[in-house]
Amino acid sequence: MLLATPIRLIEKIGFESIYITRLTGSMIIFLVHCLGNIFILPIRFTAVLRQIYFIGARSLLVIIVTGMFTGMVLALLAYYNLKQYGNMELIGAATALGLIQELGPVLAALMVIGRAGSAMTAELGIMRNSEQIDALECMGIDPYRFLITPKFIATIFSLPLLTCVFDVVGICGGYLVAVINNDVPSGAFIQGMITNVDWADLRLGLVKPLTFSVIIVWICSYKGFYVHQNRSGVFGAEGVSLVTTNAVVMSSVSVLALDYVVGLIML
Amino acid sequence: MPDVSTQDKDIEHVIRVENLVTHFGDREILHNVNINVRKGEVMVIMGGSGSGKTTLLRHMLGLHQASSGSIYMLGQDITQLSKKQMYEMRRNMGVAFQGGALFSSMTVAENIQLPLYEHTSLDDMTIKIMTRMKLEVVNLAGFEDLMPSELSGGMIKRVALARSIIMDPRLLFFDEPSAGLDPVVSAELDELILRLRDAMGMTIVIVTHELDSAFRIADRITVLDQGQILITGSVEDVKNCDNERVQNLLNRKPKDEDIDPEAYLQRLTREG
């Protein structure tokens, strides 16, 4: 009886190790397969354009609204904090750097996860459950190439652009709050931004969404594509809902962790 | 990969399953299954729910990996083929799934045309004509522009059938053609399957548990129960088989299970 608990613990550790090793291997093979297909011609342009429309164009409104309010809040915080030290010319720099280096890439990625990533997982999960993925296989069509590669190309293309839109709209929002609401001189706001933002900041602001896009499609597609192998053994509608939640949580946490790693390497 | 089009002329058994064993986790699902399907015949795989018939079908389609054994399709062991070779092999196979597996974002025509656009360089007009021809075959002419959500159960099965024959495959697989359909639509579908065999000379494998449908269309029947083949033979052979499990299935008689009180008590009181 006394030995039962440690033995169960060891068993649990063993099961967990095997599960994590299998999952990692399976996810890496999935990623290599999907990324490898990006370079195989011909590219399915129509499918890629459809995905760019879905992931990019249809996320535009939520990105503009989020970007605007984020920029406004940043400028407001910068105004109240910098006012104490009389450094009002740094408001533009603080808003722009905050958006370009950090908030733009992260928040745009989180918005894309919520809007497009969850849809990807649910779509692939339902396709798996209704045997549509098996049907593709049986027609001699590679489902990775047919379904997932266009999503990879579209997200790699769309997310950096959405991040740029987020940054620009955010800076405009910051400008409105600082210059129009709080009487910061327009020249000071713009000059502070020009002086303090350099190419390295812009590079960081573009490398982040590029890496995030790969992570988002990788996790969200994998979870949906392999819904039938989910650990809880739940299938059908409940299985799809479960893996969709998992995909959103896992990709959001991964984006935040990767944000730190990329920042650490590039700053 | 050798050219299967020249190979299968010399093959009597276009599908050969040899000593197939498969597991889901620790559970053995198929126990040493052997089946031969002759060229041009309709082979019906019959059995109750959970007998392993759909699992067997999915192995024939290369969708599951066998624990051991071989599956020869048109002379080639598909358990040994690479992924690319398997995709090539599948161009000779048509599959109509139980639920249709139509792509919900595509119209009926787009669903049927997909294999042609993916595997051929035919022009749009030719593809359109071929699509209409196949829709005529399944009595759905004029339904090209409907979405799958606008179709009835029987229509979905017929569209799935049209899609599965668009490449004029040598082998056609059909999972539960009659499931969920009323008797009239079910009989129509059976007629259609027989017409396809006669007109196109296809080898057809059908998985079903509908006895009437099986007896109507089968050249030969394989009865599967608990992952084991009980009999393979003509309709008469199966009807006259004296195996109790086969007769139970034919007479829709539930299994008589001897209850062991000791084992029953253990099942109820076990931990976890």
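Residues numbered from 1 in each chain as written. Chains lettered and ligands numbered in written order. Predicted model: local features only at pLDDT ≥ 70, side-chain atom pairs only at ≥ 80, totals over all residues. Heavy atoms only, no water.

K.L.:
Explain the confidence of the model for chain B to me, using residue names and the numbers behind them.
P.N.:
In this model, chain B carries a mean pLDDT of 86, and residues with pLDDT of at least 70 account for 94%. Element-level pLDDT for chain B is lowest in helix H1 (residues 4–7) of chain B, with a mean of 44, against a maximum mean of 93 in helix H4 (residues 108–119) of chain B. (pLDDT = per-residue confidence, 0-100. Helix = DSSP H or I, 4+ residues; strand = E, 2+ residues; numbered from the N terminus.)

K.L.:
Which residues make up the confidence of the model for chain A, and what are the values?
P.N.:
Residues with a pLDDT of 70 or more make up 99% of chain A, whose mean pLDDT is 91. The least confident element of chain A, judged by mean pLDDT, is helix H7 (residues 186–196) of chain A at 88; the most confident is helix H8 (residues 199–225) of chain A at 94.

K.L.:
I'd like a description of the interface of chain A and chain B, backed by residues and values.
P.N.:
Contacts between chain A and chain B engage 18 residues on the former and 21 residues on the latter. The largest per-residue losses of area from chain A upon contact with chain B belong to Glu131(A), Cys138(A) and Met139(A), which jointly make up 36% of the total buried on that side. Salt-bridge contacts for Arg90(B) lead to Glu137(A); the nearest nitrogen and oxygen are separated by 3.2 Å. For the pair chain A and chain B, the interface holds 4 residue pairs in polar contact (both at pLDDT 80 or more). Among the secondary structure elements, those contributing two or more residues to the side of chain A that touches chain B are helix H5 (132–138) and helix H6 (143–181) of chain A. Here the side of chain A that touches chain B takes 6 residues from H5(A), the largest share from any one element. A per-class count over the side of chain A that touches chain B returns 9 nonpolar, 4 polar and 5 charged. (Contact = heavy atoms within 4.5 Å. Buried area = accessible area lost by both parts, 1.4 Å probe. Salt bridge = Lys/Arg side-chain N within 4 Å of Asp/Glu carboxyl O. Polar contact = N/O pair within 3.5 Å; in protein donor to acceptor, adjacent residues only side chain to side chain. Nonpolar A, V, L, I, M, F, W, Y, C, P; charged D, E, K, R; others polar.)

K.L.:
Please set out helix H2 (residues 45–56) of chain A residue by residue, giving values where relevant.
P.N.:
All names here are of chain A. Of all the residues in H2, the buried ones are Ala47, Val48, Gln51, Ile55 and Gly56. Down the axis of H2, the smallest arc covering the buried residues is 135 degrees, so these residues share one side. In H2, the exposed positions that point more than 90 degrees away from the buried face belong to Phe45, Thr46, Leu49, Arg50 and Tyr53. Of the surrounding secondary structure, the elements contacted by the buried residues of H2 are helix H3 (60–83), helix H4 (91–129) and H6. (Buried < 20%, exposed > 50% of the residue type's maximum accessible area, 1.4 Å probe, protein only. Arc of directions from axis to C-beta.)

K.L.:
Now, about the environment of Ala108(A): what can you tell me, with residues and values included?
P.N.:
Residues and elements named next belong to chain A. With respect to the element layout, Ala108 can be found in helix H4. Using a relative accessible area of 0% as the deciding quantity, one classes Ala108 as buried. On a C-alpha basis, the gap between Ala108 and Phe212 in space is 9.8 Å, while along the polypeptide they are 104 residues apart. Those residues in contact with Ala108, other than ones at most four positions away along the chain, are Ile63, Leu103, Leu159, Thr163 and Phe166.

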